[in-house]
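Structural description and commentary
Now for the letters of each chain:
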Amino acid sequence: MVDYHANNQSSTGGAQMYMEPENDWDRDLLLDPAWEKQQRKTFTAWCNSHLRKSGTQIENIEEDFRDGLKLMLLLETIAGERLPKPERGKMRVHKINNVNKALDFIAGKGVKLVSIGAEEIVDGNAKMTLGMIWTIILRFAIQDISVEETSAKEGLLLWCQRKTAPYKNVNVQNFHISWKDGLAFNALIHRHRPDLIDYDSLRKDDPVTNLNNAFEVAEKHLDIPKMLDAEDIVNTARPDEKAIMTYVSSFYHAFSGAQKAETAANRICKVLAVNQENEQMMEDYEKLASELLEWIRRTVPWLENRTQEKTVNDMQAKQEDFRDYRCVHKPPKVQEKCQLEISFNTLQTKLRLSNRPAFMPSEGRMVSDINGAWHTLEGAEKGYEEWILSEIRRLERLEHLAEKFHQKAAIHESWTDGKEAMLTQKDYETSTLSEVKALLRKHEAFESDLAAHQDRVEQIAAIAQELNELDYYDSAKVNARCQKICDQWDTLGAFTQSRKESLERTEKQLESIDELYLEYAKRAAPFNNWMEGAMEDLQDMFIVHNIEEIQGLITAHEQFKSTLAEANKEREAIQAIQAEVQKIAQSNGIKLSGANPYTTITPESIDGKWEKAMAMVPLRDTALQGELNKQNSNDTLRAKFATQANTVGAYIQAKMEEIGRISIEMNGTLEDQLTNLKEYQKTIMSYMPEINTLEGYHQLIQEALIFDNQYTSYTMEHLRVGWEQLLTTIARTINEVENQILTRDAKGITQEQLHEYRASFNHFDKDHSGALMAEEFKACLISLSYDVENEKQGESEFARIMSIVDPNGSGAVTFQAFIDFMSRETTDTDTADQVIASFKILAADKTFITAEELRRELPPDQAEYCIARMAPYTGADAAPGALDYMSFSTALYGESDL
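Residues numbered from 1 in each chain as written. Predicted model: local features only at pLDDT ≥ 70, side-chain atom pairs only at ≥ 80, totals over all residues. Heavy atoms only, no water.

What follows covers the overall build of the protein chain. Broken down by element type, the protein chain carries 32 helices and six strands. A burial count over the protein chain gives 45% of its 898 residues as buried. The contacts in the protein chain between residues at least 6 apart in sequence include a share of 74% that link residues at least 24 apart. Carbon and sulfur atoms form 50% of the exposed surface of the protein chain, whose accessible area is close to 44800 Å². (Helix = DSSP H or I, 4+ residues; strand = E, 2+ residues; numbered from the N terminus. Buried < 20%, exposed > 50% of the residue type's maximum accessible area, 1.4 Å probe, protein only. Contact = heavy atoms within 4.5 Å. Areas by Shrake-Rupley, 256 points an atom, 1.4 Å probe, with all protein chains shown as cover.)

At Asn169, a position not held by glycine, the phi torsion is positive, near 65°. Its place among the elements puts Asn169 in the loop between α7 (152-164) and α8 (183-192). Notably, Asp223 is not glycine yet its phi reads approximately 60°, a positive angle. Along the chain, Asp223 falls in the loop between α9 (207-221) and α10 (230-235).

Overall, the coordinates contain 49 salt bridges when judged by the stated rule. For Arg323, the salt bridge goes to Glu320, with nearest N and O atoms at 2.6 Å. One end of the pair, Arg323, and the other, Glu320, are both in helix α13 (residues 312-353), three residues apart, so they sit about a helical turn from each other. Judged by relative accessible area, Arg323 falls into the buried class, the value being 13%. Classification of Glu320 as partly exposed rests on a relative accessible area of 43%. Linking Lys561 and Asp621 is a salt bridge whose minimum nitrogen-to-oxygen distance equals 3.4 Å. With a gap of 60 residues between them, Lys561 in helix α19 (residues 547-562) and Asp621 in helix α21 (residues 603-665) connect regions that are remote in the sequence. (Salt bridge = Lys/Arg side-chain N within 4 Å of Asp/Glu carboxyl O.)

Below, the discussion takes up α8. Among the 10 residues in α8, eight count as buried, and that is most of the element. Listing the buried residues of α8 in full gives Leu183, Ala184, Phe185, Asn186, Ala187, Leu188, Ile189 and His192.

Moving on, we come to the state of the cysteines. Scanning all chains against the criterion turns up zero disulfides. Just so you know, Cys866 is unpaired, no disulfide at all, and the nearest cysteine sulfur is the one on Cys269, 8.2 Å from it. (Disulfide = S-S within 2.5 Å.)

A word on the confidence of the model for the protein chain. For the protein chain, the average pLDDT comes to 81, and 90% of its residues sit at 70 or higher. Across residues 1-30, confidence stays below pLDDT 50; counting only partners more than four residues off in sequence or on other chains, it has 76 contacts. Contacts of residues 509-513 to residues separated by more than four positions or lying in other chains number 15 contacts, the stretch itself having pLDDT below 50. (pLDDT = per-residue confidence, 0-100.)

We now examine the packing of α8 against helix α11 (residues 241-254). Relative to each other, α8 and α11 sit at 10°, their axes nearing to 11 Å. Between α8 and α11, the crossing angle belongs to the class labelled roughly parallel. Our pair here, α8 against α11, has a crossing hand that is right-handed. In this structure, α8 contributes Phe185, Leu188 and Ile189 to the contact, and α11 contributes Ile244, Tyr247, Val248 and Phe251. Grouping the constituent residues of the contact of α8 with α11 by class yields seven nonpolar, no polar and no charged. (Axes fitted to C-alpha atoms, helices over the stretch in contact; angles between N-to-C directions. Parallel < 35°, antiparallel > 145°, perpendicular 65-115°, else oblique. Left-handed = near helix turned anticlockwise from the far one by under 90°. Nonpolar A, V, L, I, M, F, W, Y, C, P; charged D, E, K, R; others polar.)

One way to put it is that helix α26 (residues 774-783) packs onto helix α27 (residues 792-805) with a least axis distance of 11 Å and a crossing angle of 110°. With respect to α27, the axis of α26 lies roughly perpendicular. In terms of crossing hand, the pair formed by α26 and α27 is right-handed. Contacts from Ala774, Phe777, Lys778 and Leu781 in α26 reach Glu795, Phe798, Ile801, Met802 and Val805 in α27. The residue makeup of the contact of α26 with α27, split by class, is seven nonpolar, no polar and two charged.

Right, let's talk about helix α22 (residues 670-685) for a bit. When the terminal C-alpha atoms of α22 are compared, their 22 Å separation across 16 residues agrees well with the 22 Å that a helix rising 1.5 Å per residue should span. Those residues of α22 not exposed but buried are Leu670, Gln673, Leu674, Leu677, Tyr680 and Ile684. All buried residues of α22 lie within an arc of 125° about the axis, which places them on one face of the element. (Expected span 1.5 Å × (residues − 1). Arc of directions from axis to C-beta.)

Position of Thr236 relative to the elements: it lies in the loop between α10 and α11. What makes Thr236 buried here is its relative accessible area of 11%. A distance of 2.5 Å separates a polar atom in the side chain of Thr236 from the backbone oxygen of Asp232. Ignoring sequence-local partners within four residues, the contact set of Thr236 consists of Ala34, Trp35, Gln38 and Lys180. (Polar contact = N/O pair within 3.5 Å; in protein donor to acceptor, adjacent residues only side chain to side chain.)

Below, the discussion takes up the packing of aromatic side chains. Counted according to the given criterion, the structure contains 29 aromatic pairs. Between Phe185 and Phe251, the aromatic rings sit 6.3 Å apart at their centres with planes inclined by 45°, giving tilted as the arrangement. In this pair, Phe185 sits in helix α8 while Phe251 sits in helix α11, placing the two residues 66 residues apart along the sequence. The pair formed by Phe185 and Phe251 is uniform in burial state, with each residue classed as buried. Between Tyr687 and Trp723, the ring centres sit 6.4 Å apart and the planes meet at 40°, which makes this aromatic pair tilted. Of the two residues, Tyr687 sits in the loop between α22 and α23 (688-703) while Trp723 sits in helix α24 (residues 716-747), which places them 36 residues apart along the sequence. Per residue, the accessibility class of Tyr687 equals that of Trp723, and both read buried. An aromatic cluster is present here, built from Phe175, Trp179, Phe185, Phe215, Tyr247, Phe251 and Phe255 joined pairwise through their rings. Lying over the aromatic face of Trp415, Lys419 brings its terminal NZ or CZ to 4.8 Å of the ring centre. The lysine or arginine in question, Lys846, covers the ring of Phe848, its NZ or CZ lying 5.7 Å from the ring centre. (Phe/Tyr/Trp six-rings, centres within 6.5 Å; stacked < 30°, edge-to-face > 60°. Lys NZ or Arg CZ within 6 Å of the ring centre and 35° of its normal.)

Moving on, we get to the side chain of Thr728. Locating Thr728 in the fold gives a position in helix α24. Within the structure, the side chain of Thr728 is placed 2.8 Å from the backbone oxygen of Glu724, a separation counted as a polar contact.

Here we take up the nonpolar core. Ranked by internal contacts, the top residues of the largest apolar core, which has 74 residues, are Ile133, Trp179, Phe185 and Phe251. Counting residues per element, this core draws most heavily on helix α6 (residues 126-142), at 10 residues. If we skip the residues at most four places from it in the chain, Phe251 touches Trp159, Phe185, Leu188, Ile189, Ala218, Leu222 and Ile224. Core analysis: the next-biggest nonpolar cluster, separate from the first, contains 49 residues, Tyr651, Met666, Ile730 and Phe818 among them. (Core = buried A, V, L, I, M, F, W, Y, C linked by side-chain atoms within 4.5 Å.)

It is worth spelling out the environment of Ala771 at this point. One can find Ala771 in strand β3 (residues 771-773). Note on Ala771: relative accessible area 14%, which makes it buried. Sequence separation between Ala771 and Gly811 is 40 residues; the distance between their C-alpha atoms is 9.6 Å. Residue contacts for Ala771: discarding those within four places in its chain leaves Phe761, Asp765, Glu776, Ala812, Val813 and Thr814.

Listed below in structure tokens is the structure:
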């Protein structure tokens, strides 16, 4: 009996049980008459296609199998095996015995017989006879069909779909109405034998012509008998599925040889596609690495340029250019560097998964080379920023000193104007004694004034010297002016000494002297000099950088103001001397000739300078208070930056520690880990506004020329580097999980295995560094039952394993290398031998292959890829144009060179 509802299972003899899932015969139901007619014709033709090999055939399917003789002969023909000797008697029992022998043979092939007995066949039951023949067809013509991990009916349907996919108006979805217009039959023939069918001449609206054309071509050229009737198929709403399947299976077996070639071509296409994708990724890496290194090469000389500018404004322009580089030009390069490392890691993972040799970038383009160049860039960047700030400070001091120099020089030059002429005149030669004595006293007052100006000259020389030491750009002009002042000062000294000697020679002849005038001159000169010094100090420019410095200036100014009362008393005393002169002259009726003969300082000039100095005091108060307000504002800005910097710094530190723990303690599926890491990355990126706020404070601090901050130890550079390291660490952790997913999917590793590997790795990673030292790795292998104990053989095996997981000899094994090793040990991969075997099928078992065969069996781009890279075949059996596919296959896996 045949059971059409039995599941696939193994029989005691090891043969596979066949399952017929749909449209089976029922003992109590009748077949659709149209279907029964189609089945009779199809099954009869199918049986005859095999019986004719034994020199016989059947005419009536239910009558000719009744005695069991032709049924046994049919089974022997299609199975290629001998059945028990049939009984030749004419009695019913002989016929039943023969049919039972045939049914037992069918059951022995793994088919569970249910509902079909020998009596029904002997009695000529058409329904049961057709059911039995369908069972035979399923077992011997359809069951063994296998296409891309599908078999039997599904495999046959998938085969039809693959073969007819490129043809218009053909859409095979089943074994009944999809075949009614005849185009699918013609497409199958044309796909394998395009010389037999003119497919473009067929019309979908002419199914009878299409069907007859396919049936006639198949019978004439493919030795497939005509099993169907075109009119029956067209006139039936739903052609019989079993009849169609039976006829289509004949096409499958006729073209089975071509199917093997297609399978081989698919394998080669898959291998070549992987190789082409890897080569593209290598080219992309080389291009991106070259561009990034070229950018660094161009940028570093700019950052190392120390060409000095002449003014603060010019240096601030350089500072603005540097800020633009930091905020605009560098961030995209940081992303490119991160992406380059991710691409390199992904490529190496794909190469390991596809059993290809590791990728070695061109010389100078390794990830370590890029990191080294990047380190050089950041070192130059830090040095350039420090240089800019120091240059701004230097130029500010230079400008202040130059202004101070020119101010003091102008005052001194104003004072010396006319002094040479005064000292060289010979007025004493014609003066009276009193006049000469007056001239002598006047000269003594001048000497006092000259001595008072000695400090100013020394200050001018000291400032000029400092400008020279600080490399002031206009030092030549300063030196010339300073030299002129010093030369003039020496000349004044010589003239003063000469006039003094002349007056002293004349003094013996002079007796009268006006003591009051002399006293006035002696007191007025230093007081006048003091007032000029005070006015100079009140107008002096100042540059401070913090509150303490401005408080010092304010304190000094307050001390100056506290001396004004005593200075005013001195002024009143000097003015009292002049008043006493006037009083004496009036009292004694003396007519004064004019100005004091001993000094040019008049009471009016003293009062005028005093009023001018007093007017400068409140202006100085206002200027100092304004600078104090500015420094208070700067201190507030320092506090704001420090508060934000301390918050951001603590956040970055906490997140760096947190991502370190996450990378070690992650659990759940890899997809869950990847999702959580990406959500974590979004959380980190949401903190970017805080970084931007800090950048804003930093820009305000730089614009305010604030160079120190006592409220925080963080610098903007420190925080920028920390932020970039945090983003890079998260990206690398995500990439590691993505590579683990690639490894798991490509190698068939289960989630449980990955958890086991992670647990073992973490157990021996005592310092949570993310890598195992050699002894830790050995202990881990021993825990996983690897025989690497300390004997000679165990040490040799451990050395072999270390050469795989640590090819660079660093002494440490990363988790990715550990996963790659474990996946390699527990899974299978494509090999060079498998690719060679596939090429051999395409080459019809030859040791070489031709360009024509490659173009016929492979897609155009991959065929040309092989032709361009295969070496000419040089064996003794070489034909013209022969190509060596063996050396090409081994080269794909790094076992030889292309």
